[in-house]
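One-letter residues, chain by chain:
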Amino acid sequence: LIGNAYEVDRIFIYEFSASETQTNLLYEWCAHDIPSLAQRDMHLHVDPWENISGHLDENDVICMQEDDTNCSPAFKTLSLDSRGAKSVLACYSLEGGKRRAIVGFEYCREQHKFTKEEKKVISTVARMILLFTLRARDKQESIMLKRAQADREAMLDELDTIVCVNDTANYTLLYANK
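What you see is a predicted model, and the numbers here were worked out from it, not measured in a lab. (Residues numbered from 1 in each chain as written. Predicted model: local features only at pLDDT ≥ 70, side-chain atom pairs only at ≥ 80, totals over all residues. Heavy atoms only, no water.)

(A) Looking closely at the state of the cysteines. A complete count under the given rule lists zero disulfides for this structure. This cysteine, C108, is not joined by any disulfide, and C30 carries the nearest cysteine sulfur, 7.6 Å off. (Disulfide = S-S within 2.5 Å.)

Below, the structure is given as structure tokens:
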């Protein structure tokens with residue numbers, strides 16, 4: 001819907017690793033005649049945040065065109081040169097000063113000069129996408145951790161021996177299998 005409304009050629013969402021040195025592709029949408037890069041770019045190694053952060057605007061957005069000389073060389077190489085994009089608008093999601101994810105909108109056929117309105121609308125949409133995507137991911141991880149904990153407790157419950165876990169700081173019983 002967004003891609004068609006703004007005639008964008010490719011939209012992507014990448015999630016950063018805890019170390020912020022690699023990304024994992026969560027989502028890619030391409031216009032009908034634009035090739036997908038999902039297989040090739042599933043996991044990308046990225047430059048340190050210091051090399052990119054100075055090129056963002058006050059909304060954590062980076063916007064560049066193919067002939068832009070005032071953008072991060074690292075981001076330009078990754079986004080424009082290797083992906084075949086002519087123009088990119090990318091919005092970062094930050095938590096505690098660390099990169100969590102990035103949503104990007106690429107024009108591949110021809111250069112696109114983003115208007116202030118487009119930047120505002122697309123960055124707002126990107127923030128909503130990031131919010132829902134990352135919260136869903138956090139919820140999924142929480143469910144998986146609870147399942148793993150339940151599995152461990154079930155395994156301990158089946159032991160013939162008694163297992164107790166105490167908090168030595170305040171002498172509280174945290175777990176007992178019998």
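Don't stop here, the text continues.
(B) Up close: the packing of aromatic side chains. As enumerated under the stated definition, the model contains three aromatic pairs in all. Centroid distance Y107 to F114: 5.5 Å. Interplanar angle 70 degrees. Geometry classified as edge-to-face. Its relative accessible area of 5% is what places Y107 among the buried residues. For F114, a relative accessible area of 7% translates into the label buried. (Phe/Tyr/Trp six-rings, centres within 6.5 Å; stacked < 30°, edge-to-face > 60°. Buried < 20%, exposed > 50% of the residue type's maximum accessible area, 1.4 Å probe, protein only.)

(C) Expanded view of the sheet that holds strand β5 (residues 87–95). If you walk across this open sheet you meet the six strands as β3-β2-β1-β6-β5-β4, and the pairing is antiparallel. For this open sheet the edge positions go to β3 (43–45) and β4 (61–65), each flanked by a neighbour on one side alone. Adjacent strand axes in the sheet meet at a mean angle of 25 degrees when their direction is disregarded. Helix α4 (residues 116–157) contacts β1 (10–16), β2 (22–30), β4, β5 and β6 (98–107) of the sheet and is inclined by roughly 135 degrees relative to β6. (Pairing = 2+ DSSP bridges. Helix = DSSP H or I, 4+ residues; strand = E, 2+ residues; numbered from the N terminus. Axes fitted to C-alpha atoms, helices over the stretch in contact; angles between N-to-C directions. Contact = heavy atoms within 4.5 Å.)

(D) Fine view of unusual backbone geometry. Positioned with a positive phi, E20 is a non-glycine residue whose angle comes to about 65 degrees. You can see E20 is positioned in the loop between β1 and β2. Its identity is not glycine, yet Y171 carries a phi of approximately 55 degrees, on the positive side. Its location among the elements puts Y171 in the loop between β7 (164–167) and β8 (172–176).

(E) View of the environment of S36. Tracing the backbone through its elements, the reader meets S36 in the loop between β2 and β3. By relative accessible area, which is 45% here, S36 ends up partly exposed. Sequence spacing of S36 and R10 is 26 residues, and the spatial spacing of their C-alpha atoms is 8.2 Å. Here S36 is in contact with E28 and C30, once residues within four sequence places are set aside. At a separation of 2.3 Å, a polar atom in the side chain of S36 contacts the side chain of E28. (Polar contact = N/O pair within 3.5 Å; in protein donor to acceptor, adjacent residues only side chain to side chain.)

(F) Layout of the pattern of salt bridges. Here the structure, examined in full by the defined rule, presents six salt bridges. The residue R109 makes a salt bridge to D9 at a minimum N-O spacing of 3.1 Å. Placement of R109 in the loop between β6 and α4 and of D9 in the loop between α1 (2–5) and β1 is noted, with a sequence separation of 100 residues between them. With a relative accessible area of 2%, D9 lands in the buried category. E28 is paired through a salt bridge with R10; the nearest N and O atoms lie 3.7 Å apart. Of the two residues, E28 sits in strand β2 while R10 sits in strand β1, which places them 18 residues apart along the sequence. Exposure class is identical for E28 and R10. Each is buried. A network of salt bridges, in which partner residues are shared, links D9, D33 and R109. (Salt bridge = Lys/Arg side-chain N within 4 Å of Asp/Glu carboxyl O.)

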